[in-house]
Protein chains: 2
Amino acid sequence: MTLYLNLAELLGSRIEQGLYRPGQRLPSVRALSVEHGVSLSTVQQAYRMLEDNGLVSPRPKSGYFVAEDRQLPALPAISRPAQRPVDISQWEQVLELVRSTPHPDVIQLGRGMPDIDSPTLKPLLRSLAQISRRMDMPGLYYDNIHGNVQLREQIARLMLDSGCRLGTADLVVTTGCHEALSCSIRAVCEPGDIVAVDSPSFHGAMQTLKGLGMKALEIPTDPITGISLEALELALEQWPIKLIQITPNCNNPLGYIMPEARKKALLTLAQRYDVAILEDDVYGDLAYTYPRPSTVKSFDDDGRVLLCSSFSKTLAPGLRVGWVAPGRYLERVLHMKYISTGCTACQPQLAIADFIAEGHYQPHLRRMRSQYQRARDQMSDWVTRYFPPGTRASRPQGGFMLWVELPESFDTLRLNRALLEQGVQIAVGSIFSASGKYRNCLRMNFAARPTPQIEAAVRKVGETAMRLLQAELHGG
Amino acid sequence: MTLYLNLAELLGSRIEQGLYRPGQRLPSVRALSVEHGVSLSTVQQAYRMLEDNGLVSPRPKSGYFVAEDRQLPALPAISRPAQRPVDISQWEQVLELVRSTPHPDVIQLGRGMPDIDSPTLKPLLRSLAQISRRMDMPGLYYDNIHGNVQLREQIARLMLDSGCRLGTADLVVTTGCHEALSCSIRAVCEPGDIVAVDSPSFHGAMQTLKGLGMKALEIPTDPITGISLEALELALEQWPIKLIQITPNCNNPLGYIMPEARKKALLTLAQRYDVAILEDDVYGDLAYTYPRPSTVKSFDDDGRVLLCSSFSKTLAPGLRVGWVAPGRYLERVLHMKYISTGCTACQPQLAIADFIAEGHYQPHLRRMRSQYQRARDQMSDWVTRYFPPGTRASRPQGGFMLWVELPESFDTLRLNRALLEQGVQIAVGSIFSASGKYRNCLRMNFAARPTPQIEAAVRKVGETAMRLLQAELHGG
């Protein structure tokens, strides 16, 4: 990593963590130069980068200051889902979302699509092309059922950053995180079993539970600290729960990172009640703070955590390369993987393995983390500016999704229909609940670099919401 | 298609169908030239090709004759599996097979791997590379849940040859035929349901039934005409069967093509008892006769047939591109596809769509069909030459798999273990049965062009079998 990026990340994470308060003066360029043994121009470069990110602002002749708090929407309250296992609904709404394909006339704020336009992805495309030209045609063979071993080596290395010590034999490569989730659920549960989930929760995971015939028990979830352990314990007392399914890092859709102490407490609970944990870490590498947050899996000493992830959010979803570290459920996950797709497409696996091995992954992550963090601030500002007063919004600590809560009575299904006519698509809140809750919420993607077109789209969402709200007030 | 290839295919299929008997004189070069309005040299080229294929032999000054019957192993008898629904076993043996990866020191006769060394595949590799270089990076996006529409258009066109009139909206692209099968089974059945299967039957489909908690009812199957309709009807009378799962074209492992009249009769039976049919057509395009055989789906007038296939056998398995035409089960298959992998990797889909659209698919198929047919004859000859007397073998009408039956008491698991030490791998027969039948059988792949190394490997199989048999006779 170049020196100034290192320094900028360090300062940025100190500001994020609150070590410097808004409006406070930051150390001088000279002081930082001495402290870190780098040149004055390196420190200046780092400060300029933080300025670009909106984290610091220079004052002439006085140095750099932490940017003043921006006016942010209030946070959503802790969720209050149904307190009993339910059969999952909402498939039609999910289908509508996932049937959509990129279209030049539609701004898609709804899907979980990362930005794939970054120049740091170029080496990946080069690798994909090179593999097609190799004489031994490694992309055409059946893969080993575990997945390509070079790729598994690289994944095992990456996961060290999350505190996991895994060997290649502990990993199974999958066709995206979807397959990791469905194989894991089927490895642990039978149809009819009860699965406890954070709420709101990723619609793909919910629909997987539905498709496999499980019941979901939605647990109240705090938009800053994650799933309520108190509510979870009550539920574990009351119901024969087989599996706890959570996204503790850069949660989708709420964006929180569960504090490490709560991750440990969650694992202790799971051990006490002897249930498995399915940990979805698909956004974990996109936390804005560095080093990346730990996984629950990293504390797991009896193999009860199935850690699922993929390169769909960090690199590109079209590659369909995910993985699972299934702990004690390895053999059963292998069987489920075999019957699900036989093996995973080879060429994308090989290209990703090359991309990581050649050192392109971390610089790419660094760039995306910083881009997404700036875009989050931009998107939050737009919500403040364009959405009805009283709108609440999440404050994501990673990833590229914003969760927006409108007044209780509001119906985002109607909003979505009105928006589609205007060439804007959102994800309606109800698909993030097993029982169709969160009808007054929506999720917006801020992965793409902010443009006037995107601002206009967000403005349309806010103004259309306002119009619908007013019509509602006037009995419309 | 070039003229001589056309003519060679026509003559070849007439010989295959028995219109000309072994040893019989074929029409003169001049007569064929007049009949088909082609030049004398075109006819000569066609005859030379048939001569290369071992189908005809020239006699000086007398013209061309149908090659004399080669000494062939006797056919296996009609199978006699257990006549009740059973829970499927044998996962450990399948796992052993699918864990294996290509290794320079092992001749793999066990896996369902096509020959990917053909120069006719070069344009596909070129397309794969080109897509990686496109500025709009279509390989990186989430795909539509139905799959790429250009590819679905090409598949719909290809399926016309099998008698199916399908629109793009009738098709769902999957991650290989595996995913097509598992989504289809889950769309129709619940855990505990009974599925009737031809027997022996593809181990992947069997393990899918196992993994999904279904019971398999194995139906006696004739090595020439396929599943016994008489036995199937009895079973339908007796058991609450939900689904009939069959591979009527170029069956894996037996290689037969079910006669069209029996396909229609099968459909009538399914209609009478109101059960769905899962038709695996993954080898259908590799039938040695041209035009390719019809599918059961082509006669389906009430949407009860789920037709599953892929490009894994015709092009390359590492691409993981399959599809399903699920008839009336479309919505449910879409849900199962979504929870299984979200969507299919994009780049291989686009490359295959280009490959077909640019006219490369049919010439490739033609080459492979002819290569596989010759290799079948070669493999049958080797079995005659090197295997114990009394060995029976299938007479495949397409694809690249030979089914070999050794004496009743023989154990191919022991054979496989002995062979692995000698660098040869086979597929043991028991994985093709739900209940571990066919322990005396094995399947060998003849996709690769015959070489002395492959002959040596087949010889090792035969001679090792012989040694084990003799040891058995002498109480070893």
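Residues numbered from 1 in each chain as written. Chains lettered and ligands numbered in written order. Predicted model: local features only at pLDDT ≥ 70, side-chain atom pairs only at ≥ 80, totals over all residues. Heavy atoms only, no water.

Per an unreviewed UniProt entry, chain A goes by the name PLP-dependent aminotransferase family protein and belongs to Pseudomonas farsensis.

K.L.:
Quick question: what am I supposed to make of the overall build of chain A here?
P.N.:
Per the secondary structure count, chain A includes 15 helices and 17 strands. Radius of gyration (C-alpha) of chain A: 22 Å, near the 23 Å computed for a compact globule of 476 residues. Going through the 476 residues of chain A one by one, you find that 63% of them count as buried. For chain A, restricting intrachain contacts to residue pairs at least 6 apart in sequence, the fraction spanning at least 24 positions comes to 77%. A total of about 17500 Å² of accessible surface is found on chain A, and carbon and sulfur atoms cover 51% of it. Placing the 52 positive and 48 negative side-chain charges of chain A at their respective mean positions leaves the two points 4 Å apart. (Helix = DSSP H or I, 4+ residues; strand = E, 2+ residues; numbered from the N terminus. Rg over C-alpha atoms; globule rule 2.2 N^0.38 Å. Buried < 20%, exposed > 50% of the residue type's maximum accessible area, 1.4 Å probe, protein only. Contact = heavy atoms within 4.5 Å. Areas by Shrake-Rupley, 256 points an atom, 1.4 Å probe, with all protein chains shown as cover. Lys, Arg positive; Asp, Glu negative; His and termini not counted. Charge placed at Lys NZ, Arg CZ, Asp CG, Glu CD.)

K.L.:
Could you clarify how one ought to interpret the pairing of strand β6 (residues 215-219) of chain B in this entry?
P.N.:
Along any regular strand, the residues point their side chains to alternate faces of the sheet. Within β6 of chain B, four of the five residues are buried, which leaves the element mostly enclosed by the surrounding structure. In the classification by handedness, the crossover that spans strand β5 (residues 194-198) of chain B, the intervening helix α8 (residues 203-211) of chain B and the parallel β6 of chain B is right-handed. (Right-handed = clockwise from strand over helix to strand, strands pointing away.)

K.L.:
What exactly am I supposed to notice about the environment of F311 of chain A here?
P.N.:
Residues and elements named next belong to chain A. Following the sequence through the fold, F311 ends up in the loop between β11 (305-310) and β12 (322-325). In this structure F311 comes out as buried when scored by relative accessible area, which is 0%. When the C-alpha atoms of F311 and R417 are compared, they prove to be 31 Å apart, with 106 residues separating the residues in sequence. Those residues within four positions of F311 in sequence are excluded, and the remaining contacts are L151, I155, L158, A316, V321, W323, I352, I356 and Y361.

K.L.:
Looking at this structure, I do not really get the sheet that holds strand β16 (residues 427-428) of chain B. What am I missing?
P.N.:
In a beta sheet, neighbouring strands pair by backbone hydrogen bonds and run either parallel or antiparallel. Residues and elements named next belong to chain B. Spatially, four strands are ordered β13-β14-β17-β16 in an open sheet, and the strand pairing comes out antiparallel. The open sheet has two edge strands with one neighbour each: β13 (392-393) and β16. Both strand β14 (residues 401-405) and strand β17 (residues 441-445) contribute to a ladder of five bridges, which runs antiparallel. Residue W403 lies in a different strand from β17, and its bridge partner there is R443. (Pairing = 2+ DSSP bridges.)

K.L.:
Hey, could you run me through the relation of the copies chain A and chain B in this one?
P.N.:
Both copies of the chain are related through a single rotation about an axis accompanied by a shift along the same axis. Between the two copies, chain A and chain B, the superposition gives an RMSD of 0.2 Å; the rotation angle is 180° and the shift along the axis is 0.0 Å. The symmetry that links the two subunits is that of a two-fold axis. When C-alpha positions in chain A are compared against the rotation axis, the closest is assigned to A129 of chain A, at 2.1 Å. Taken as a fraction of all interface residues of chain A, those also at the interface in chain B reach 100%, which identifies the copy contact as same-surface. (Least-squares fit on C-alpha atoms with pLDDT ≥ 70 in both.)

K.L.:
How do you make sense of the packing of helix α14 (residues 412-420) of chain B against helix α15 (residues 452-473) of chain B when you look at a structure like this?
P.N.:
What describes two packed helices is the angle between their axes and the distance between those same axes. All names here are of chain B. One way to put it is that α14 packs onto α15 with a least axis distance of 10 Å and a crossing angle of 125°. Classified by the angle between their axes, α14 and α15 sit oblique to one another. Where α14 crosses over α15, the handedness of that crossing is right-handed. Side by side, α14 and α15 meet where R414, L415, A418 and L419 of the first sit next to K460, V461, T464, A465 and L468 of the second. (Axes fitted to C-alpha atoms, helices over the stretch in contact; angles between N-to-C directions. Parallel < 35°, antiparallel > 145°, perpendicular 65-115°, else oblique. Left-handed = near helix turned anticlockwise from the far one by under 90°.)

K.L.:
Can you walk me through the interface of chain A and chain B in this structure?
P.N.:
Interfaces are often sized by the amount of accessible area the parts lose when they come together. With 61 residues of chain A at the interface, the matching set in chain B holds 61 residues. The junction of chain A with chain B conceals about 5500 Å² of combined surface from both sides, 63% of it contributed by carbon and sulfur atoms. Here chain A is connected to chain B by 22 residue pairs in polar contact (both at pLDDT 80 or more). Mapped by element, the contributors of at least two residues to the side of chain A that touches chain B are α4 (91-99), α5 (122-133), α7 (176-188), α8 (203-211), α11 (330-341) and α12 (346-357) of chain A. At eight residues, the largest contribution of residues to the side of chain A that touches chain B is made by α11 of chain A. Of the residues in the side of chain A that touches chain B, the class split is 28 nonpolar, 22 polar and eleven charged. (Buried area = accessible area lost by both parts, 1.4 Å probe. Polar contact = N/O pair within 3.5 Å; in protein donor to acceptor, adjacent residues only side chain to side chain. Nonpolar A, V, L, I, M, F, W, Y, C, P; charged D, E, K, R; others polar.)

K.L.:
What am I meant to see in the pairing of β11 of chain A here?
P.N.:
All names here are of chain A. Across the six residues of β11, six count as buried, placing the element largely inside the fold. Burial along β11 is two-sided: the face carrying V305, L307 and S309 and the face carrying L306, C308 and S310 are both buried. Pairing analysis gives four bridges linking strand β10 (residues 276-280) to β11, with the strands arranged parallel. Of the residues in β11, the one forming a bridge with D280 is C308. Bridging between β11 and β12 involves four bridges; their strand directions are antiparallel. Paired with S309 across the two strands is W323, which belongs to β12.

K.L.:
Is there a simple way to explain the environment of V66 of chain B in this structure?
P.N.:
Residues and elements named next belong to chain B. Within the fold, V66 resides in strand β2 (residues 63-66). Residue class for V66 comes out buried when judged on its relative accessible area of 4%. It is 9.3 Å that separates the C-alpha atoms of V66 and E51, two residues lying 15 residues apart in sequence. Residue contacts for V66: discarding those within four places in its chain leaves I15, Y20, R21, P22, G23, Q24, L26, L55 and V56.

K.L.:
Can you walk me through the domain arrangement of chain A in this structure?
P.N.:
All names here are of chain A. Each assigned domain of chain A is listed here: domain 1 (3-66), domain 2 (91-116 + 363-473) and domain 3 (119-357). Relative placement of domain 2 and domain 3: their C-alpha centres are 25 Å apart. On the side of domain 3, 32 residues touch domain 2, which itself brings 32 residues to the contact. Regarding the contact of domain 2 and domain 3, the summed buried area is about 2900 Å², with carbon and sulfur atoms giving 63% of it. Counting every contact that joins domain 2 to domain 3 gives zero salt bridges. With nine residues, the single largest contributor to the side of domain 2 that touches domain 3 is helix α13 (residues 361-386). In the side of domain 2 that touches domain 3, the residues fall into 19 nonpolar, nine polar and four charged. (Domains from an automatic or database assignment. Salt bridge = Lys/Arg side-chain N within 4 Å of Asp/Glu carboxyl O.)

K.L.:
Just to check I follow, could you spell out the packing of α4 of chain A against helix α11 (residues 330-341) of chain B for this structure?
P.N.:
α11 of chain B packs onto α4 of chain A with a crossing angle of 70° between their chain directions and a minimal axis gap of 11 Å. Comparing the axis directions of α4 of chain A and α11 of chain B gives the class roughly perpendicular. Counting all contacts with α4 of chain A, which are made through W91, V94, L95, V98 and R99 of chain A, the residues of α11 of chain B involved are E331, L334, H335 and Y338 of chain B.

K.L.:
Is there a simple way to think about the pattern of salt bridges in this case?
P.N.:
Pairs may arise between side chains of opposite charge once their charged atoms sit close together. Residues and elements named next belong to chain A. Considering all chains together, one arrives at 32 salt bridges over all chains under this definition. Linking D285 and R292 is a salt bridge whose minimum nitrogen-to-oxygen distance equals 2.9 Å. Side by side, D285 and R292 carry an identical accessibility label, which is buried. A salt bridge links R459 to E463; the shortest N-O distance between them is 2.8 Å. On the criterion of helical spacing, the pair formed by R459 and E463 is a turn pair, its members being four residues apart in helix α15 (residues 452-473). Look at E463 and you get partly exposed, because its relative accessible area is 39%. Look at the salt bridges and you will find they share partners, linking D274, D302, R304 and R328 into a network.

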